[in-house]
Amino acid sequence: MDLLIKGGTVVTAQEMVRADVGIEGGKVVEVASHIDATAAKKVVDASGKYVMPGAIDAHTHFKMPFMGAYTTDDFLTGTRSAAAGGVTCIIDFALQSKGGSLKQALETWKGMAEGNAIIDYAFHIAITDCTPSILDEIKDMVQEGVTSFKFFMAYKGSLMVDDAALFESLRVTSECGALGAVHAENGFIIDVLQKEAVARGNVAPKYHALTRPPEAEGEATRRAISLAKMAGAPLLVVHVSAKEAVRAIEEARMAGQIVYGETCPQYLGIIDASNYEEPDFGGAKYVCSPPLRTKDHPPVLWDALRFGFLQEVSSDHCSFDFNGQKRLGKDDFRAIPNGCPGVETTLGVLHNEGVNKGRISLNQLVALVSTNSAKIYGLYPQKGTIAVGSDADIVIFDPDKELVVSQKIMHHAVDYTPFEGYSVKGWPVMTISRGEIIYEDGEVKGAPGRGKFVPRKPINTKLLLA
Ligand code: URP
Ligand code: ZN
Ligand code: ZN
């Protein structure tokens, strides 16, 4: 046996049990109440700790060209940060360029990850230019292990696709065993509101949120759900931030439609729309889309997580330096590159805000940050659980470790964390990827390039209904 994790409490989406975990050849080979240590090459003492499936962050943007800049974190620094946060697999968005093919997008993103990634990675492709030949290419991408595709209903004039393109694409993704995902905000209305705001001289960061009202998210979510219904396709709504969008997903799910929803820690109440008022252009740090909402939205999101209307929490790590990149928009909020970092903080923040505050159970935490994403995105049971035969992707989590989230302790390359000053009890202390300890007590040990591309299976909506 290569590695034995002894004395911990194994927490999966289903159970919480005192057990040892034996690992060989990068796989879990035994889970039992007592495993003899004599034959183990290395033993890790996990007493007093949780032994959980490594988190799967299904929403990252590493080295992505966007709004006149490239995201600061690339596949090296992004996956370094991920490893330190207990994440063992990311699904990044390869972006189709206008006129470019999906194959080109995939090759470009694979090229950026290879030789750099510290943890395993997979890709979605964001389709921005939906021609017949591109629709034809979707099945080829599914063969390559890319089984989810994102469509933007916002970012008019750059990434946005229209309803016809979305509808036709959803028909094709569904036929090919792939999942269509949407960024659901009404880009037309946002464009009108933004132009009006700027014409009135309202150019500060707070107008980013005021020109992207929750109703624009609710409307687009409802529309995407209707289009998916007409297309006979399952749908995933990424980065849900508004109660209007939650209600749309709830209603569709209650009516039996297969609609999944993701939210992100930045929408769960630790920070909110009031942060846009921070002085000295500080509000720009929180400019992401959808924007942070007012305080009445997070409780609805928490209820949706608890009752299963939203199934997964990922970071939407899309990092732009505050000094330099975000300041591109100092005279006009529309030029602030959209996005926040968070791949390192999702697990600890969700544990503190969710489990410690009694909003979700420990099993739900594991489901939301790992198991459900594995099931939704075709990675289960290779990833997303601790079971014999699964990849030994494991996070050892110390529920008693207290720390204050701060830029000083982050492993990313970007120059801030939106959760600065947030105190937690409980944090990952060791990350194991395919049986190798890649992070321990503050230090990332995994070598750049050790992470592998993980081809995903076609989507199986029978795996996760509730
Ligand atoms: O502001 C965000 N979320 N930027 C990343 C692109 C996206 O829409 O996911
Ligand atoms: Zn988006
Ligand atoms: Zn995103």
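Right above here is the structure, for reference.
Residues numbered from 1 in each chain as written. Chains lettered and ligands numbered in written order. Predicted model: local features only at pLDDT ≥ 70, side-chain atom pairs only at ≥ 80, totals over all residues. Heavy atoms only, no water.

Details of the sheet that holds strand β6 (residues 43-45)
Stage number 1. Pairing in this open sheet of 4 strands is mixed, and the strands run β5-β4-β1-β6 from one edge to the other. A strand with exactly one partner marks an edge of an open sheet, and here the two such strands are β5 (27-32) and β6. Across the sheet, the mean angle separating the axes of adjacent strands is 20 degrees when strand polarity is ignored. (Pairing = 2+ DSSP bridges. Helix = DSSP H or I, 4+ residues; strand = E, 2+ residues; numbered from the N terminus. Axes fitted to C-alpha atoms, helices over the stretch in contact; angles between N-to-C directions.)

Examining the sheet that holds strand β14 (residues 179-183)
Working definition: the strands of a sheet are paired by backbone hydrogen bonds and lie parallel or antiparallel to each other.
Stage number 1. With parallel pairing, the 8 strands of this open sheet are ordered in space as β8-β11-β12-β13-β14-β15-β16-β17. In this open sheet, the two edge strands, each paired with only one partner strand, are β8 (55-60) and β17 (312-313).
Stage number 2. Across 5 bridges, strand β13 (residues 148-152) lies against β14 in parallel orientation. Each bridged residue has a counterpart across the sheet, and for Phe149 the counterpart in β14 is Gly180.

Quick look at the coordination of the zinc ion (ligand 3)
Stage number 1. Within the protein, the zinc ion (ligand 3) binds to His59 (NE2), His61 (NE2) and Asp316 (OD); these donor distances fall in the range 2.0 to 2.2 Å.
Stage number 2. Coordination at the zinc ion (ligand 3) comes from 4 donor atoms whose angles at the metal span 87 to 131 degrees, giving a geometry best classed as tetrahedral.
Stage number 3. Each donor residue of the zinc ion (ligand 3) belongs to the same chain, with the gaps between them written as H-x1-H-x254-D.
Stage number 4. Between the zinc ion (ligand 3) and the zinc ion (ligand 2), a separation of 4.0 Å is found. Here Asp316 lies in the loop between β17 and α10 (346-355) and His59 lies in strand β8, a separation of 257 residues in the sequence.
Stage number 5. Taking the relative accessible area as the measure of exposure, His59 reaches 0% and is therefore buried.
Stage number 6. Its relative accessible area of 7% is what places Asp316 among the buried residues. (Donors = N, O, S within 2.8 Å, 3.2 Å for Na, K, Ca; no water. Tetrahedral: all angles 85-135°; square planar, octahedral: opposite > 155°, others 65-115°. Buried < 20%, exposed > 50% of the residue type's maximum accessible area, 1.4 Å probe, protein only.)

Digging into the site of ligand 1
Stage number 1. Neighbouring ligand 1 are 14 residues, the closest being Lys150, Tyr155, His183, Ser289 and Asp316.
Stage number 2. With respect to ligand 1, the side chain of Lys150 contributes an N or O atom lying 2.9 Å from an oxygen atom.
Stage number 3. With respect to ligand 1, the side chain of His183 contributes an N or O atom lying 2.9 Å from an oxygen atom.
Stage number 4. For ligand 1, whose free accessible area comes to 270 Å², the fraction covered by protein is 100%.
Stage number 5. Most atoms of ligand 1, that is more than half of them, are within 2 Å of grid points of the largest cavity. (Near = heavy atom within 4 Å. Polar contact = N/O pair within 3.5 Å; in protein donor to acceptor, adjacent residues only side chain to side chain. Areas by Shrake-Rupley, 256 points an atom, 1.4 Å probe, with all protein chains shown as cover. 1 Å grid on protein atoms, 1.4 Å probe; cavity = no way out; pocket = protein on both sides within 12 Å on 5 of 7 lines; lining within 4 Å. Sits in = over half its atoms within 2 Å of the grid points.)

Quick look at the coordination of the zinc ion (ligand 2)
Stage number 1. Every protein donor of the zinc ion (ligand 2) is accounted for by Lys150 (NZ), His183 (ND1) and His239 (NE2), and the metal-donor separations fall at 2.1 to 2.3 Å.
Stage number 2. Site description for the zinc ion (ligand 2): donor spacing in sequence, K-x32-H-x55-H.
Stage number 3. You can call His239 buried: its relative accessible area is 2%.

Some remarks on unusual backbone geometry
Stage number 1. The residue after Ser289, namely Pro290, is reached through a cis peptide bond having omega -5 degrees.
Stage number 2. Here the amide bond leading from Tyr380 into Pro381 is cis, since omega sits at 5 degrees, within 30 degrees of zero.
Stage number 3. Its location among the elements puts Pro381 in the loop between α11 (362-376) and β18 (394-404).
Stage number 4. Despite not being glycine, Phe281 has its phi angle at roughly 65 degrees, a positive value.
Stage number 5. Structurally, Phe281 is set in the loop between β16 (259-263) and α9 (298-306).
Stage number 6. Judged by its relative accessible area of 14%, Phe281 is buried.

Quick look at the pattern of salt bridges
Stage number 1. Summed over the entire model, instances satisfying the criterion amount to 28 salt bridges.
Stage number 2. For Asp393, the salt bridge goes to Lys383, with nearest N and O atoms at 2.7 Å. With Asp393 in the loop between α11 and β18 and Lys383 in the loop between α11 and β18, this pair connects stretches of sequence that are 10 residues apart. Summarising the burial analysis for this pair, Asp393 and Lys383 share the class buried.
Stage number 3. Close ionic contact of Lys445 with Glu440 constitutes a salt bridge, the shortest N to O distance being 2.7 Å.
Stage number 4. According to the relative accessible area criterion, Glu440 is partly exposed, its value standing at 26%. (Salt bridge = Lys/Arg side-chain N within 4 Å of Asp/Glu carboxyl O.)

A look at the layout of surface pockets
Stage number 1. If you add up the space inside the largest pocket, you get close to 530 Å³.
Stage number 2. Lining the largest pocket are 28 residues, and of these Phe66, Met67, Tyr155, Ser158 and Leu159 lie nearest its centre.
Stage number 3. Mapped by element, the contributors of at least two residues to the lining of the largest pocket are β9 (65-66), α2 (102-113) and α5 (187-199).
Stage number 4. Of the voids in this model, the second largest pocket is the one considered here, and its volume is about 200 Å³.
Stage number 5. Forming the walls of the second largest pocket are 15 residues, and the residues nearest its centre are Ala209, Leu210, Ala273, Leu292 and Thr294.
Stage number 6. Residue contributions to the lining of the second largest pocket peak at 3 residues, all from helix α6 (residues 206-210).
Stage number 7. Its residues placed into classes, the lining of the second largest pocket shows 8 nonpolar, 3 polar and 4 charged. (Points joined across faces, edges and corners; volume = space filled by probe spheres on them. Nonpolar A, V, L, I, M, F, W, Y, C, P; charged D, E, K, R; others polar.)

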